[in-house]
Every structure is written in C-alpha cells, then in structure tokens.
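What the coordinates show
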Protein chains: 2
Amino acid sequence: MVSIPKPDPTITGYTVRDLRFPTSLDAIGSDPMNTAGENAHGYIVYDTDVPGLEGIGWSFSNGQGNEVLCAGIKCLAPRFVGRKLSSITSDFATTHRNFLGGQTRFMSPERGVMQLASNAILNALWDMWAKVEGKPLWRLVAEMTPEQLVGVIDFRYITDELTPEQALAFLKEKEKGKAERLALALQNLAVPGYNTSVGWLGLSDAEVEAGLRKAVDAGFKHFKLKVGQGLEVDRKRLGMVRRISPDAVIMTDVNQLWDVDYAIEYMPKLADLGLWFIEEPTSPDDILGHARIRAALKPHGIGVATGEHVNNRVMFKQLLQADALDAVQLDALRLSGINEILAVCLLAAKFGVPVVPHSGGTGMPELCNHISHFDFVAISGKQSILEYTDHCHEYFSDPAEFSNGHFHAPTAPGYSCQITEEAFSKFECPEGSFWQSEKGQLMLNDPWRGCAAEQTSPMK
Amino acid sequence: MVSIPKPDPTITGYTVRDLRFPTSLDAIGSDPMNTAGENAHGYIVYDTDVPGLEGIGWSFSNGQGNEVLCAGIKCLAPRFVGRKLSSITSDFATTHRNFLGGQTRFMSPERGVMQLASNAILNALWDMWAKVEGKPLWRLVAEMTPEQLVGVIDFRYITDELTPEQALAFLKEKEKGKAERLALALQNLAVPGYNTSVGWLGLSDAEVEAGLRKAVDAGFKHFKLKVGQGLEVDRKRLGMVRRISPDAVIMTDVNQLWDVDYAIEYMPKLADLGLWFIEEPTSPDDILGHARIRAALKPHGIGVATGEHVNNRVMFKQLLQADALDAVQLDALRLSGINEILAVCLLAAKFGVPVVPHSGGTGMPELCNHISHFDFVAISGKQSILEYTDHCHEYFSDPAEFSNGHFHAPTAPGYSCQITEEAFSKFECPEGSFWQSEKGQLMLNDPWRGCAAEQTSPMK
C-alpha cells in the first residue's frame, strides 16, 4: 500500500459512448458463426470530485446493437452517482449483489445485455479504485489479503461448491510462493500467450502462412484456428500449422456451430493432427452437452473448452461440476466485473482447471492481461496461457505489451481501459469519420449484417 | 383454413412504445426477489400494406430498464421491413435461425434483453399471421399439420434429444384424439387455472384471506403462494390456504432467493402442509442444482418447478435431461417466440413433464392462454393448468376470460397482444399521465428502485 494519504473520490457524473471498430473489413474476428463483426465498445467514464481522477470501463459487442448495450449502461450508471468510492468498495460483495438486483434484474437475470452493462460499470469502478491505490488492477487484486479478496465476492448461488470460508482457507494456502510468483510477473514471465490472429476464418491460406511464420518468430508456441468448414479445409489449415511449427500446441474453435452429436462425430477425424481442445463445440448453455462431448473426445486425445459466452458464475460452476472443461475461457467483459471473475477463478482453481481467458476482441488482451496475472500470482498459483490478438492495440492508452512469447505485466495504475480520442474521432458511432463515410453508412444500414454464417451453417 | 383468398401483406414500417404499469403501488407481482416491480411492455406494431392489418407484439420487463428492451426491439425490427409475410412464414425455421444470427448474436446469445426483443418481434409476426388466417393463434397452431408445425421450428442445439423426424412422428401420434380435444377447448374446458393473485408477498393477511375466499368461489382449486420469509410466516400463510380450501393443490414460489443447500434444508420443514412444488428455489441457470434439490425433496413429497427465467430451449432441454422438473414453466415472453415455445412444448411432452406456463405478469395470461390451448390440443394432449392473475385485464383489447375454474379459448383472430390506447395515455413512459405525475416522477428517478429485497435477503 502507498504511504501518502489516498483520496476518497465522490462520483459526480458519467459519460457513455458508442465505439465501433470496422474489423469486418479485415476479416478480424471472423469465425463460423460471426463472419462479419465490428468489434464494438459500450464505454463509460465516471467523473469524480478529485482533479484528474476518473474511472473508465467498457463492455463489448460485435457491432450492430451496440446502442442497446449503451442503453443498458445508461440505465445502470446513475446508481453510483453521488457515491463515495469507499462506500462501494468497503463492502463490495453486498454492493455488487444490490447492484444486480432491483427492477432491472427481471430482464435476464445475470445474462446478456444487462450483464454486459453491469460489467462496463464495474470495470470503471475497479479502474478508479486501482488508480486511487496507485497500482495496476492485477496488482491491486494480487496484493489483497485473503480476507480483502473474499470480501469483494458475492457467493450467492455457488455456496454448494465454494463458501466464503472455503475460499479464505484456499487463498491462505496460496500465500505460499506468492512472493516468487509476483517476482516472476514483474519480470514479464508470468503469462505466456497463444496466438489467434493467425487463424481467423476469413484469411487466405497465404495470409495464414505468413502470420504463422511471424508468430513463430515472436515466440509463440500455441496457436488457435477456426474449424468447421469441412474436413478437407480444416485439415489443410491445421496441417499448415503442424508443418511450420511441428511442436506447437494447436487449439481449434468452431464458435457454437454444431449440435452435440455432430461435434462427437466430426472431431475424431482431426485427432491425428494433435489438438489440445475444441472450443465452443455447441451452445454455450449446453453444460450436459459439453460434458458428453468431452467424454466422447477424451479417448481421441481432444479436450473441450468454452467460456467466452458463459454469462455467469452459476454456469461455470456447473461446467466444472459436470467435468465438461479442459480450460475455463472466462471473458473479461461477459461476467459481472472483477467481483464475479474472481469467483470463477476460485472455482476453476478448486477444480484444478486452468483459466485461459477469452481475449479475441479489440481491447480484450489489455483487460484479460490483468486477470491472467492476478490468477497466476494470487489464486491458481499455476502458469496458464492467454489469448493474444494483434489488432487495434494502437488505440489503447495502456496497450498490452508482448515479447518473448509472454505478455508483460501492466505497470500503469488502473485497468488499462482507456481508449484514445483518435479512435473515437474515427470510430465513434454514428458521428465518427468512418461511420459518416459512404462505406460506413452502408454497413450501418444493413439490418442483416453478419447473418451469412447462419445461412450457410452445415447444421441447417 | 378459410376459403376466401388470404392477403399476403408486406411489412411497411413499425412503431415501438414503452409502457409501464405502476403495479408496485398495489404490491402486484411482489415476491422475495422483486418487492417493487412495475409490469412493463416493450411494444411493437408492424404496419402493412393491407388496410386494417397490423402485427402487434410485446415483451416484458419489470419497469426500470424497459427502455433497454425497447432499444433491442428497435435494433432488430428493421430486419423484416419490406418483407412479405409469406417470405417469413414459408420457411419460418430458417428465417428464425437467421433472425437470431448476425452481429447482434454476440451480446447474448439467445438470452436476456436481445432474446426478449426477438420475442416481441416474433409475437408481432405470429399475430399478423393468425389474423391473415382469420384464427386465434392457438387454433392456427393447433390446426397445423405435423409437417407444418415442425416446419416452423429450428432444431439447432436440441437434436441430441429431438430431431425433426422424431418430432414429426410424435405429432402424428398425437393426431389421435385431437378432434375431441379441440371440441373440449371450444367448450372452454381445456385449460384449468391456478391462482397466484392471492399470494403476492406484499399483501396483508386479511387481503390474502379475502382473495382466497373470492378465488374459491370462482372455482379455483390450485393456489400459489410466495414463501421464503421464515418458517413461521410461511406456515401461517400456507396454513390459511389449507384451512379455507382443505383439498387445494398448493404451490410455493421463492423466486430464486436461495442457494441450493439452503433450499434442501428449508423446504422439508413445510412438507406437512402438502405442497406440489417449490418454484425457482435457486438460480434459474442452476440445472444441476435444481436436479439436486428435486432429488432431495422427493422423499418429502415436494416437487420442483422453474421456467419463467429460463431463456431458451437449450436450458429447458437440460433441465429435462437432468430430471430436475415437475413442471415446465415456460414464459410466453422469455423464449424466442412461438417457434421456440413449440420446441420446448415438444421436449416437455417427450419427457412427460406438464407445461404450466409462467403467467404472473400483466398481459401474460392473455398470451399464455394461447400456448396452453395449443399444447393441450396438438402437442402434449394432456390437460395441465395455467397461472391466472386478475390484474390489468381491462387494458387488453382481447382479455383472457375465465369462468368455472377454466380459461376460455380465445376466439378473436391473432395473438391477443393489443393493449388499449387508454393504457398508453396513462402509462406510456415517460409521456403518460401517471409517469408525468409527481409520484410517477419520483418512482422513475429512483435508480435503486426495487432493490430492497436484495438488501434483506436471508442469504446475504
């Protein structure tokens, strides 16, 4: 803890902005279910009475409908105006529970747009808190005492697997070796990266090959590719990785394209290529389906992963109870803030399943980098990997740094959420220069934008 | 089918309206998690090129945030402007799949606000279709051939339990006795009601007792009461029902208040009162938790029900696979339209679990009445019950009629979604007279409205 007296800011107001990067134009993020997405941010800035101090947070959508996410953020944001930060963080578990309650709860609960909106707001509060403490968020969390860490988590609906008392005992156990892990983090050796940018579905074979060679030179040993385009196409792409990086760990992702039995039939035919897991083989809601798929693929040496669309701790709890996962791919935006992310990290650690955050969207590596660092140092105590994508980092004030196959530990105080004004001038929707252009207007005015994958699904 | 040539309307535009009934003022809908809710509607009218023909649909929220639901409806509504109705209904399964796809899918998928928004739009399309066919919606569905009915359902993610071929064979089997069931429906004897209005948490004991005596006189034999206020309070209320209606079927509902182990500990202490089920004992996402609770309560003669917050067919599929339910309480607004409701009705029928729709909100009895009627006539073939609440029917152009303990079969063409202009003049938000009043403004400007239950939860 820093020794100079810390301010206790009062939140005085907020601004919500709609930002959309036209990523579909470069096939960034393209996959079997999302052929054309514009990585988009529902962005909130909480102003305070402390000069120069603000809390910045955002959540994520894929373009169209980002205004609905912004409406959700505007709906919930007033709940913290006029509040002192300490009145929120002093009993953050209760504040978090109350924040998810009330009339707005009925629309989900703890799912979809309102869950994303709660995330954006909580990210802004955590960003503010970390700035007040003068630490990067990962270190604020990593250096909390077990009591402080348990004190920010609402254990509602997970006490059948993890009580506050059990979490406390677990975290005290993990204090062993924490200093060494912190030291490793400060040497930028805590969080190895895996590469997804080489595997976007819309890339040409030449682009994939060039990207692979570049990634191997950058120290990547893990690669993820989109599949589901038919065995011939899939084998060609995956074979390219094996050829260029014979010892690589290869992951596959089909983004919810399949039904359960189809996944069980399809994946063994790729087993000879040596695959760690198939990601999102079916609906992210199908806990029992993922468990069946995992059991069926195990004899073939292929695991199962999911999480980027798993909306809350209750779903993750069950995926773990059902023995359905080889990796917990929680998303920094999908869950209800660091509070709920900590609950999921603790559940994953209890079950001994690695946390491998979903980080494939613009800005996600910036945020997930904090999560992977505090998970390693304070919770799991085990090294995992984090998804790296190379697009749009230039639009972030505190971009994720990567070298020697590892993410660097963030050093700036806060949660690295700030996006540059240059990005807003181009991509704020609808007033940014790109969206005002003829091409931008055409894209905005297509009500079926990105629906093509649905129309060509082999399951149809 | 009617013999006069039917129009094939083209959708020419739409209007979306935000309507909020101040139901909290009368404790309507009050329960352990929702102490103060304003039953609210995100309402859409699709205009057509056929004079006098429009498609009306709505989805539901609990007041605050209804503008977010309306934003979701406005986001998706343009997808059908310019389309002929026949181009939607001729391959409705594919249209439905494509409608749930695209960039907007990433925000959920098939959950929360965007799922509610898709529901409102699909309700308007089904309303328009039924009007064109000159039938009430329940009868349009009930009189479809098995082939026609299967043709409106997207089986994605449920084929491990139910394929289109299996559904077709099942429906052909159910053709036996269909004429007799249709005749019973036309005599208004198909759908018995159960009463929830007597059991709102916020009512005084005197109000509960008066309501019970009135309900017994109206022919009700089934009652549902909110519980979770402590054993003494709960036993007093439930005992009142037993005293006034000794042979009544009593249902209990705790609206997600508890954790799994708490539910298993609490409910057996009420078993001597003779209870059919506990509804929503914990998180609606906790499939494995519901299965554990049901197994634990079975020896005590108490069942488990849930559904009003179950967002899609994939969750219902698993609740059934896990043997977690005694009643499938699907909600007319929560699922993605009649298309997905039919998939859930078929799954429930396959597992032999009765469909008992959630119908506790303003206007829900009007819509669910159609569902219960077509489920009885064409799908399950078995009589179930439907939740009846007595508030706000006067604001619906085609209100649910009830007598002799049964819902009447709707007779007007369409889906009974139309709400009167009188309702909008008072309760449209924010311009309606009530919301412009001092009291209305105070309610609208309370960002934590309805959060009290969270703050007094025994699980906190």
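The numbers attached to residues start from 1 for each chain and follow its sequence in the written order. Chains carry letters and ligands carry numbers; both start at the beginning, A for chains and 1 for ligands, and go up in the order they are written. The predicted nature of this model means local features are confined to residues of pLDDT at least 70 and side-chain atom pairs, given and counted, to a pLDDT of 80 or more, with totals for whole chains, interfaces and linings taken over all residues. Excluded from the side-chain calculation are hydrogens and water; included are all heavy atoms of the structure.

This part is about the sheet that holds strand 2 (residues 40-48) of chain A. Residues and elements named next belong to chain A. Should DSSP find at least two bridges between two strands, the strands are regarded as paired. Under the scheme used here, helices are H or I runs from DSSP no shorter than 4 residues and strands are E runs no shorter than 2 residues, and both carry numbers assigned from the N terminus. In space, the 3 strands of this open sheet follow the order 1-2-3, with antiparallel pairing throughout. The sheet is open, and its two borders are formed by strand 1 (11-20) and strand 3 (54-61), each paired with just one other strand. The sheet shows a mean angle of 15° between the axes of neighbouring strands, taken without regard to direction. Relative to strand 2, strand 1 runs antiparallel, the two being bridged by 9 bridges. Bridge assignment links Ile-11 to a residue of strand 2, and that residue is Thr-48. Sitting on the sheet, helix 4 (residues 112-133) is in contact with strand 1, strand 2 and strand 3, with an inclination near 150° to strand 3. Structural elements are reduced to axes, namely lines fitted to C-alpha atoms, with helices fitted over the stretch in contact, and the angle between N-to-C directions of any two is expressed from 0 to 180 degrees. Two residues qualify as a contact provided that any one of their heavy atoms is within 4.5 Å of a heavy atom in the partner residue.

So, on to the sheet that holds strand 2 (residues 40-48) of chain B. All names here are of chain B. Spatial strand order, 1-2-3: 3 strands in an open sheet with antiparallel pairing. Unpaired on one side and paired on the other, strand 1 (11-20) and strand 3 (54-61) mark the two borders of the sheet. Averaged over all neighbouring strand pairs, the angle between strand axes comes to 15°, with direction disregarded. Where strand 2 and strand 3 come together, 8 bridges link them in antiparallel fashion. Within the sheet, the bridge partner assigned to Tyr-46 lies in strand 3 and is Gly-55. Helix 1 (residues 66-76) contacts strand 1, strand 2 and strand 3 of the sheet and is inclined by roughly 175° relative to strand 1.

Right, let's talk about the interface of chain A and chain B for a bit. Contact residues are listed per partner, giving 81 residues for chain A and 81 residues for chain B. Put simply, buried area is how much 1.4 Å-probe accessible surface two parts lose in total, over both of them, once they are put together. Counting the surface lost from both chain A and chain B, the interface buries some 6700 Å², and carbon and sulfur atoms represent 55% of this. The term salt bridge refers to a side-chain nitrogen of Lys or Arg lying within 4 Å of a carboxyl oxygen of Asp or Glu. Run the count over chain A and chain B and you get 4 salt bridges. N or O atoms closer than or at 3.5 Å make up a polar contact, with two conditions inside protein: a donor-capable atom paired with an acceptor-capable one, and, for residues adjacent in sequence, both atoms drawn from side chains. The interface formed by chain A and chain B includes 44 residue pairs in polar contact (both at pLDDT 80 or more). For the side of chain A that touches chain B, the secondary-structure elements that each account for two or more residues are strand 3, helix 1 (66-76), helix 3 (92-99), helix 4, helix 11 (260-266), helix 12 (287-297), helix 13 (313-321) and helix 19 (452-455) of chain A.

Our next topic: the UniProt feature "domain: Mandelate racemase/muconate lactonizing enzyme C-terminal" (unreviewed entry) in chain A. UniProt positions are given in the numbering used here, feature names are shortened, and annotations may be inferred rather than shown by experiment. Under the UniProt annotation, the feature "domain: Mandelate racemase/muconate lactonizing enzyme C-terminal" (unreviewed entry) is placed at residues 205-300 of chain A. In this annotation, residues 205-300 of chain A is assigned 47% helix and 16% strand; the end-to-end C-alpha distance for the span is 27 Å.

One chain copy maps onto the other through a rotation about an axis and a shift parallel to that axis. A least-squares superposition brings the copies together, and it is based on the C-alpha atoms of residues with pLDDT no lower than 70 in both. Note on the copies: chain A fits chain B at an RMSD of 0.0 Å, the axial shift is 0.0 Å, and the rotation between them is 180°. Taken together, the rotation and translation relating the two chain copies correspond to the operation of a two-fold axis. Using C-alpha coordinates, one finds that chain A approaches the rotation axis most closely at A:Gly112, a distance of 2.3 Å. When the interface residues of chain A are mapped onto chain B, 100% of them are again interface residues, pointing to one common binding face.

With that settled, the discussion passes to the environment of A:Pro9. Tracing the backbone shows A:Pro9 in the segment before strand 1. Between the C-alpha atoms of A:Pro9 and A:Leu125, which are 116 residues apart in sequence, the distance is 11 Å.

What follows is about the pattern of salt bridges. Residues and elements named next belong to chain A. Throughout the structure, instances matching the rule amount to 64 salt bridges over all chains. The closest approach of N and O atoms between Lys-236 and Asp-205, which form a salt bridge, is 2.6 Å. Linking Lys-236 in helix 10 (residues 231-244) with Asp-205 in helix 9 (residues 205-217), this pair joins segments that are 31 residues apart in sequence. On the accessibility criterion, Asp-205 (27% relative accessible area) is partly exposed. If you follow the salt bridges from partner to partner, you end up with Lys-224, Lys-226, Asp-253, Glu-279 and Glu-387 in one network. We call a residue buried when its accessible area falls under 20% of the maximum for its residue type, exposed when it is over 50%, and partly exposed in between, using a 1.4 Å probe and counting protein chains only.

Residues A:Trp126, A:Phe374, B:Trp126 and B:Phe374 are the most contacted members of the largest nonpolar core, which totals 305 residues. For B:Phe374, the contacting residues outside a window of four places in its chain are B:Leu137, B:Trp138, B:Val141, B:Ala142, B:Ile338, B:Ile341, B:Leu342, B:Cys345 and B:Ile379. Remark: nonpolar core denotes a set of buried residues (Ala, Val, Leu, Ile, Met, Phe, Trp, Tyr, Cys) joined through side-chain atoms within 4.5 Å.

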